Structures are given as C-alpha cells and as structure tokens.
Amino acid sequence: MIGNPPWGKTKPPVGYGVDWGDSINDGLEGKWLLNEGAGSTVTDIAGLSHCAISMPDTSYPVWGRGLFGSGVQGNGALSLPNLVNLGSRAAIKPTASISVAAWIYFVEFINDHRAFTDWHQSTLTDRWILGYVSGTSGTVQWLCTNENEVSAPSISFSAAAKTWYHMWGTYDGTDSRFYVDGRLIGSASLTGPMNAGSGENVILCGQGGDKTSAIVKIDVPEIYSRAVAPSEIMRLYIEPFA
C-alpha cells in the first residue's frame, strides 16, 4: 500500500508516500504514519500537509512507543492536555460517507475520554468518535452523527487495558459500523449526510471543546471519504503497510 517494496507490518521510514495505484487507497484523505518520533508536527502522507502537536505538559511527552515504532500518547490531563491536532481540511471532514481507523492502546479507562474524534463546535456534538470510553470497565465505542445532530446508536466493544486494537468506524449514509481487529462488532442505522462541522479540528489523544487528553496510545490513524469494505479492513489489519 505504501511505497515499494511492500512493507507488511514494518512501518516505512519518513519520506514514503501513498501508492495511489492500489485501489485500497481510493478515497484516502488523511493518513499519518507517526514515524517522525520527535518534533512538533506530524505529516499527513495522503494530504501532504503538516499537523501540529500540542504538548504543554513537557513532563509527559506526546511522542512514545507505537505498535510499529514511534506513536503518540495522551497524558489524561485537562489543565495541560497533550493532543495531536490533525487540522480541519474539508477533505478529512467528508459528509456523504466516511471511514476512520487507528491502532489504539488504552492505558486505562476513564469515562468520557476519547481516543480519536472530530468535534462540531457550533452544536457541542461530536461528528464522530472512534474509541469513546464509556465507564471504567473497558467499554469502548464508535459513534457518529448526521447533519440533523441525530446520533446512530453507539456500538460497543469490551476492550482490555494495555492491549493494541485496530479499530475502524464507517458510515455509508445508511449504516454505521464498528470493526475491531478486522472483525465486525456491530452496526446501527442512521440516514443522511453528516454535518460538515465548524470551528474545530480532528484530534488524536483527546477531544475538542474542553480539550481533555485521554490516556491512550495511537498509531497509524487514517480517514477515508468512503465506507471501506470489510475485506479491505481485514487486509489492512493483517498487513497495515502492504
């Protein structure tokens, strides 16, 4: 999928880009390998942009160990939250259909924390959340909302702390689906396009609004402007860099 030769489960080094000749990358709008390992920006290899890291708590660096090399991590703070701001480009905020994915590792479960989110400021409603923590016992969810601020019923998965999971949330205009490690966890009905959103950005390791950071680690987040097929999701679970 990325570069040549195929990389399988070895993260390519900085400088490799998307193989647009592979149909699995159709609709890929943002992909962050997080292979920089240091510094104040992360590179979107699909949109060819640079995204900012907010790290006010220098005692807990946002760069850490990911699943395949370097990754990012939140510090769980409200007053000094470490977050990764992936920006607000229209391309990474599609409305007709969407898929979002990331490898996520929950260090611990704190109610209402968010791993990967797009928050719609004008209505105080998340457009979508991948890895929403409900309670403190390991229930994590995929949630998405249409343009009328109607949310699909949340789809839940019982996760274990300190374990890496490949999580996907998709929405095709009629159904919301949640996948973990290539397996469909559940689906929920929802109709209509998503709200385009305003005033906020796509965030790793936390959320917009009150800017709370979650106690998670994240590797290889990506966003598509289509509902990625189950066979493709399984392929990317088996060979993330194929």
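The coordinates are above.
Computed from a prediction, not measured in an experiment: that's the story for all the values here.

**Some points on the overall build of the protein**
Alright, step 1. Assigned secondary structure in the protein consists of 1 helix and 16 strands.
Alright, step 2. Within the protein, the fraction of its 242 residues that count as buried is 54%.
Alright, step 3. Look at the contacts in the protein between residues 6 or more apart in sequence, and 65% of them connect residues 24 or more apart.
Alright, step 4. Put simply, the protein shows about 9200 Å² of open surface, and 51% of that area lies on carbon and sulfur atoms.

**Describing the pattern of salt bridges**
For side chains of opposite charge, pairing can occur when their charged atoms come near one another.
Alright, step 1. For the structure on display, the rule yields 11 salt bridges.
Alright, step 2. The salt bridge partner of Asp-118 is Arg-127, with a shortest N-O separation of 2.6 Å. Like Asp-118, the residue Arg-127 is buried in the burial classification.
Alright, step 3. Two residues, Asp-172 and Arg-177, come together in a salt bridge whose shortest N-O distance is 3.3 Å.
Alright, step 4. According to the relative accessible area criterion, Arg-177 is partly exposed, its value standing at 25%.

**A closer look at empty space enclosed by the protein**
Alright, step 1. By the definition in use, this model includes 1 cavity of 30 Å³ or more.
Alright, step 2. In this structure, the largest cavity spans a volume of roughly 30 Å³.
Alright, step 3. In the lining of the largest cavity, the residues fall into 6 nonpolar, 1 polar and 1 charged.

**Digging into the pairing of strand β12 (residues 164-171)**
Alright, step 1. The buried count for β12 comes to 8 of 8 residues, which makes it a mostly enclosed element.
Alright, step 2. Alternating positions in β12 separate into two faces, Trp-164, His-166, Trp-168 and Thr-170 on one and Tyr-165, Met-167, Gly-169 and Tyr-171 on the other, with burial throughout.
Alright, step 3. Where strand β7 (residues 98-106) and β12 come together, 8 bridges link them in antiparallel fashion. When the sheet's bridge partners are listed, Val-100 is paired in β12 with Gly-169.
Alright, step 4. Relative to strand β13 (residues 175-180), β12 runs antiparallel, the two sharing 5 bridges. Residue Thr-170 lies in a different strand from β13, and its bridge partner there is Arg-177.
Alright, step 5. The loop that links β12 with its antiparallel partner β13 comprises 3 residues; one of these, Gly-173, has a positive phi angle of about 100 degrees.

**Description of the packing of aromatic side chains**
Alright, step 1. Inspection of every chain in the model, using the stated rule, returns 9 aromatic pairs.
Alright, step 2. A ring pair is formed by Trp-168 and Tyr-224, whose centres lie 5.7 Å apart and whose planes are at 35 degrees; its orientation type is tilted. Residue Trp-168 is found in strand β12, and its partner Tyr-224 is found in strand β16 (residues 216-224); the two are separated by 56 residues along the sequence. Neither Trp-168 nor Tyr-224 differs from the other in exposure class; each is buried.
Alright, step 3. Chaining the aromatic ring pairs together yields one cluster made of Phe-68, Trp-103, Tyr-237 and Phe-241.
Alright, step 4. The ring of Tyr-105 has Lys-217 lying over it, and the distance from NZ or CZ to the ring centre is 5.1 Å.

**Details of the environment of Arg-114**
Alright, step 1. With respect to the secondary-structure elements, Arg-114 resides in strand β8 (residues 114-120).
Alright, step 2. Spatially, the C-alpha atom of Arg-114 lies 9.4 Å from that of Gln-141, the residues being 27 residues apart in sequence.
Alright, step 3. Setting aside residues no more than four positions away along its own chain, Arg-114 makes contact with Asp-126, Ile-129, Gly-131, Tyr-132, Cys-205, Gly-206, Gln-207 and Ala-214.
Alright, step 4. Only 3.1 Å separates the side chain of Arg-114 from the side chain of Asp-126, close enough to count as a polar contact.

**Details of the side chain of Glu-232**
Alright, step 1. As for its placement among the helices and strands, Glu-232 is situated in helix α1 (residues 230-238).
Alright, step 2. The contact partners of Glu-232, leaving out residues within four places of it in the chain, are Ser-23, Ile-24 and Arg-226.

The rules behind the values
Residues numbered from 1 in each chain as written. Predicted model: local features only at pLDDT ≥ 70, side-chain atom pairs only at ≥ 80, totals over all residues. Heavy atoms only, no water. Helix = DSSP H or I, 4+ residues; strand = E, 2+ residues; numbered from the N terminus. Buried < 20%, exposed > 50% of the residue type's maximum accessible area, 1.4 Å probe, protein only. Contact = heavy atoms within 4.5 Å. Areas by Shrake-Rupley, 256 points an atom, 1.4 Å probe, with all protein chains shown as cover. Salt bridge = Lys/Arg side-chain N within 4 Å of Asp/Glu carboxyl O. 1 Å grid on protein atoms, 1.4 Å probe; cavity = no way out; pocket = protein on both sides within 12 Å on 5 of 7 lines; lining within 4 Å. Points joined across faces, edges and corners; volume = space filled by probe spheres on them. Nonpolar A, V, L, I, M, F, W, Y, C, P; charged D, E, K, R; others polar. Pairing = 2+ DSSP bridges. Phe/Tyr/Trp six-rings, centres within 6.5 Å; stacked < 30°, edge-to-face > 60°. Lys NZ or Arg CZ within 6 Å of the ring centre and 35° of its normal. Polar contact = N/O pair within 3.5 Å; in protein donor to acceptor, adjacent residues only side chain to side chain.

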